Amino acid sequence: MELVVATSIGGLTAAGIYLILRLRAFPVILGVTLLSYATNVFVFASGRLAVGLPPVLTDDATAYTDPLPQALVLTAIVISFGMTAVLVLIALGAFLENGNDRVNVEDERAGEGDA
Amino acid sequence: MNHWIIAPVVLPALLAPLIAYVMRYDIALQRVASITGAVLLCAIAFGLFMLSADGSVHVYRLGHWPAPFGIVLVLDRLSALLILLTSVLGLIVVIHSAASGWDQRGRHFHALMQFQLMGICGAFLTGDAFNLFVLFEILLIASYALTIHGGGKARLKAGLQYVIMNLAGSSLFLIALGTIYATTGTLNIADLSLKVREIPVEEAGLVRVAAMLLMIVFGVKAALFPVQFWLPGTYAMAPAPVAALFAIMTKVGAYAILRMHTIVFGPDAAPIGSLSQDWLMPAALITIAVGAIGVMGARRLMPLIAFSVLGSTATLMLAISGFSPHTTATALYYLVHSTFAAAAMFLIADLLLSRREGGDLLKAVPATVQNGFIAALFFAGAIAIAGMPPLSGFLGKLLVLDALRFADYAWLVWAVVLAGSLLTIVGFVRAGSVLFWKSTSAELMPPEEDTPDEVTPPANRIGPALAAPSVASLACLALLTVFAGPVMRHMESTAAQLYDPGDYVAAVLEDQHDTKKLKEEEH
């Protein structure tokens, strides 16, 4: 169980970081998404892994799994989902304005900052 | 429980949707609402500042839940100071954006501005590490939209970089919080303060990792080497009022380091020791160098200012890296200075560039800005940000250098700060002479004459509403200089409170007689 979770977090993080370092917007967005998946699983696992236990302590339960990371990860999922949507829209806007989806900014920019 | 503590978060949070939906089609109404909101925020912030000035720590328990379980907002001297700073800066920026017409170049400027203020005030107030993450996201998502306000190729591309950088930073933030929770079992800052100090040194590896991960995350916000790359591009491309507001955004990172790495991961916590200092100081020194070199290398005005802001923020981080009450007091003084100086510079640059042919490219163009008033403002702003007398930049740097006199590698710190200041001065002198002197030689214009063939519609004359924000930020710097003594005394007591977390912890964890009784462990 621990091995599966740990390797999947590691794999997702590695893939995410590799993709973030690419030059084009689409792989970078995928990379950010993968990284946020890895983060979510990691936060989830930070309350220790427990199988088949109730999340809330009741009077008759002898053991329980920590519910706080689950609440945290729920918040994190919502936030990362919204942020990814914003990122996709800004990337789309940049693509439509510039005609390419390269992420890097050229040194001497053609745009004047249209002040 | 004083309900005013949550007002700096609630007021903008209520105002923003109203502006966005009810006043959607009426820019005049939006401006009135936004400026009124900013004035009210200033008043509330001043009230809170007075409330906390006696050194008491005020806690606001959301939903009356007891502390390690419920979320708390904590008002102490540091958060009150920063909220006051934010609200004054917010007012200045809102007035400038209304007077210069920036708020009409895209939609929902004022609503986003209010959300931004909400996130920043919340981040300064919260006493919970995960809540800090959430409020960071609020201020970031508003800043994403503000960065690309007005649109345009280069701005969208710079905005894209900014978003990607911060999304990666947010992931790192969550990983750090997960690590902290896994090792300590709490995310309440006061509770963390106790729990981290209970960890035996030989088992502290994970906590040290978490502390350094957090430092990287806050370093991204504060634009510290090696994660400073987003700042020059973003600030140079962002609309000028937004860039001015962003002067406080880097300070959010500085604040978070000040808060977390003193109360929780302070030098007195055995598992951490001098770890924060060992990494923060070299990073700050390199960032100062990067900023100075960038100022020298910049071929446009906006990147030049952005790089000088980078250097200014790095000087602040250098002062923080002293991690002692005295160095932190000087850091706080420099923080206030750095915020207003950066804001003033961006606002003045906006006045200048909206009247200049050829945008912000630093080469001689036909004279359009030979306006003595703008030149004087630019001169004052450049003096402030480069740290020359008589304005507070000089005092601030002097205080920082003096406080770091006995630090390790003091000679290196002095050399880097002084050389960086010199290069910044040279860079601004060069920019100023190109902007205001060399341009006249192209066409023999009398210096104070308005040119008829302007590219941009606003008249060369600057009305009082347009001049007021820049003048106000410079006036704040002047006040900071004149009242340096009392201000420094307040900063000393603020810093002393920060390094004596006993009151903070006691206020959050012990004094909770009025909270709900917990039947179970959960809420």
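Numbers given for residues are sequential positions, taken from 1 along each chain in its written order. Written order decides the labels, with chains lettered from A and ligands numbered from 1. At least 70 in pLDDT is required for a residue's local features to be given in this predicted model, at least 80 for side-chain atom pairs to be given and counted, and no such filter applies to totals for whole chains, interfaces and linings, which use all residues.

Visitor: Give me the lowdown on the overall build of chain B, citing residues and values where you can.
Guide: By definition, any uninterrupted DSSP run of H or I lasting at least four residues is a helix, any uninterrupted run of E lasting at least two residues is a strand, and each is numbered from the N terminus. The number of helices and strands found in chain B is 20 helices and two strands. Compactness check: chain B gives a C-alpha radius of gyration of 23 Å against a globular reference of 24 Å for 523 residues, within 12% of the reference. Across its three principal axes, chain B shows a C-alpha extent of roughly 80 × 60 × 40 Å. Put simply, a residue is buried when 20 or more other C-beta atoms lie within 10 Å of its own C-beta and exposed when 12 or fewer do; between those, it is partly exposed, and each C-beta is set from the backbone. The buried share of chain B, reckoned over its 523 residues, is 61%. Contact definition: two residues whose C-beta atoms, as placed from backbone geometry, lie within 7 Å. Excluding contacts between residues fewer than 6 apart, the proportion of contacts in chain B whose partners are at least 24 apart in sequence is 80%. The quantity called the radius of gyration is restricted to C-alpha atoms. Its globule counterpart is 2.2 Å times the number of residues to the power 0.38.

Visitor: So, the overall build of chain A: which residues are in play, and what are the values?
Guide: The number of helices and strands found in chain A is three helices and zero strands. Reading chain A from its N end, one meets helices and strands in the order α-α-α. Here the contacts in chain A between residues at least 6 apart in sequence split such that 52% fall between residues at least 24 apart.

Visitor: Tell me about the interface of chain B and chain A, residues and numbers included.
Guide: With 37 residues of chain B at the contact, the number on the chain A side is 35 residues. Elements that contribute at least two residues to the side of chain B that touches chain A include exactly α5 (129-147), α6 (153-184) and α9 (230-237) of chain B. Element by element, the count of residues in the side of chain B that touches chain A is highest for α6 of chain B, at 20 residues. Residue polarity follows a fixed list, in which Ala, Val, Leu, Ile, Met, Phe, Trp, Tyr, Cys and Pro are nonpolar, Asp, Glu, Lys and Arg are charged, and the others, Gly among them, are polar. Class assignment for the residues of the side of chain B that touches chain A results in 20 nonpolar, 10 polar and seven charged.

Visitor: Tell me about the UniProt feature "transmembrane region" (unreviewed entry) in chain A, and please be specific about residues and values.
Guide: All names here are of chain A. Those residues carrying the UniProt feature "transmembrane region" (unreviewed entry) are residues 6-21, 28-51 and 71-96 in this numbering. The span residues 6-21 shows a helical share of 94% and a strand share of 0%, and its end C-alpha atoms are spaced 23 Å apart. A distance of 38 Å separates the end C-alpha atoms of residues 71-96, which is 100% helix and 0% strand. UniProt positions are given in the numbering used here, feature names are shortened, and annotations may be inferred rather than shown by experiment.

Visitor: Residue-level account of unusual backbone geometry, with values.
Guide: Cis peptide bonds are those with omega within 30 degrees of zero, and the linkage from Phe 225 of chain B to Pro 226 of chain B qualifies with 0°. In this structure, Pro 226 of chain B sits in the loop between α8 (205-222) and α9.

Visitor: Outline helix α19 (residues 484-498) of chain B, supporting the account with residue identities and numerical values.
Guide: The span expected for a helix works out to 1.5 Å for each residue beyond the first. The end-to-end C-alpha distance of α19 of chain B, which contains 15 residues, comes to 20 Å, matching closely the 21 Å that a straight helix rising 1.5 Å per residue would cover. Where α19 of chain B is buried, its residues meet α3 (77-100), α11 (247-264), α14 (325-353), α18 (464-482) and α20 (502-510) of chain B.

Visitor: Describe the confidence of the model for chain B, listing the residues and the values that go with them.
Guide: Residues and elements named next belong to chain B. Of all residues in chain B, 92% have pLDDT values of 70 or greater, and the mean over the chain is 86. When pLDDT is averaged over each element of chain B, helix α4 (residues 109-125) comes out on top at 93 and helix α17 (residues 410-442) at the bottom at 85. In the predicted structure, residues 441-458 sits below a pLDDT of 50 and forms 26 contacts with residues beyond four places in sequence or in another chain. On the interface metric, ipTM, the complex scores 0.89, and its pTM is 0.89. A residue's pLDDT is the predictor's confidence in that residue, given on a scale from 0 to 100.

Visitor: Describe the pairing of strand β2 (residues 72-75) of chain B, naming the residues involved and giving the relevant values.
Guide: Residue and element names in this part refer to chain B. Judged by which residues are buried, β2 turns out to be covered on both faces: Val 72 and Val 74 on one side and Leu 73 and Leu 75 on the other are all buried. Paired strands, as defined in this entry, are two strands with at least two bridges between them according to DSSP. Pairing analysis gives four bridges linking strand β1 (residues 58-61) to β2, with the strands arranged antiparallel. Directly across from His 58, in β2, lies its bridge partner Leu 75.

Visitor: For the packing of α3 of chain B against α11 of chain B, give the residues involved together with the corresponding values.
Guide: Residue and element names in this part refer to chain B. Contact geometry for α3 and α11: axes closest at 11 Å, N-to-C directions at 175°. By the angle between their directions, the pair α3 and α11 is classed as roughly antiparallel. Of α11, the residues touching α3 (which contributes Leu 78, Leu 82, Leu 85, Thr 86 and Leu 89) are Ala 247, Ile 248, Tyr 255 and Leu 258. For helices, the fitted axis covers only the stretch in contact; all axes are lines through C-alpha atoms, and the angles between them, taken along N-to-C directions, range from 0 to 180 degrees. For classification, angles of less than 35 degrees are called roughly parallel, those exceeding 145 degrees roughly antiparallel, those between 65 and 115 degrees roughly perpendicular, and all remaining angles oblique.

Visitor: Tell me about the packing of helix α2 (residues 25-45) of chain A against helix α3 (residues 67-98) of chain A, residues and numbers included.
Guide: Residues and elements named next belong to chain A. At a closest axis distance of 9 Å, the pairing of α2 and α3 adopts a crossing angle of 175°. The orientation of α2 relative to α3 falls into the category roughly antiparallel. Considered class by class, the residues forming the contact of α2 with α3 number 15 nonpolar, seven polar and no charged.

Visitor: Run through the environment of Lys 153 of chain B, naming residues and quoting values.
Guide: Structurally, the position occupied by Lys 153 of chain B is in helix α6. For the pair formed by Lys 153 of chain B and Met 237 of chain B, sequence separation is 84 residues and the distance between their alpha carbons is 9.9 Å.

Visitor: Provide a residue-level description of the environment of Arg 405 of chain B, including the pertinent values.
Guide: Of note, Arg 405 of chain B is situated in the loop between α16 (392-403) and α17. Placed 78 residues apart in sequence, Arg 405 of chain B and Thr 327 of chain B show a C-alpha to C-alpha distance of 10.0 Å.

Visitor: Hey, could you go over the confidence of the model for chain A for me, with residue numbers and the actual values?
Guide: Residues and elements named next belong to chain A. Residues of chain A with pLDDT of at least 70 account for 90%, and the chain-wide mean is 84. When mean pLDDT is compared element by element in chain A, helix α1 (residues 2-20) scores highest at 93, while α3 scores lowest at 89. Scored below 50 in pLDDT, residues 108-115 makes 15 contacts in the model with residues more than four places away or belonging to other chains.

Visitor: Tell me about the environment of Leu 335 of chain B, and name the residues and values.
Guide: Residue and element names in this part refer to chain B. Turning to its location among the elements, Leu 335 is positioned in helix α14. The exposure class assigned to Leu 335 is buried, which follows from the 28 C-beta atoms found within 10 Å. With sequence-adjacent residues up to four places away left out, Leu 335 is seen in contact with Lys 251, Ala 254 and Leu 316.

Visitor: Explain α11 of chain B to me, and be specific about the residues and the numbers.
Guide: An α-helical turn contains 3.6 residues, so a residue and the one three or four places further along point in the same direction. Compared with the 26 Å implied by 1.5 Å per residue over 18 residues, the 26 Å span of α11 of chain B between its first and last C-alpha is a close match. Judged by how many residues are buried, α11 of chain B sits mostly within the fold: 18 of 18 residues are covered.

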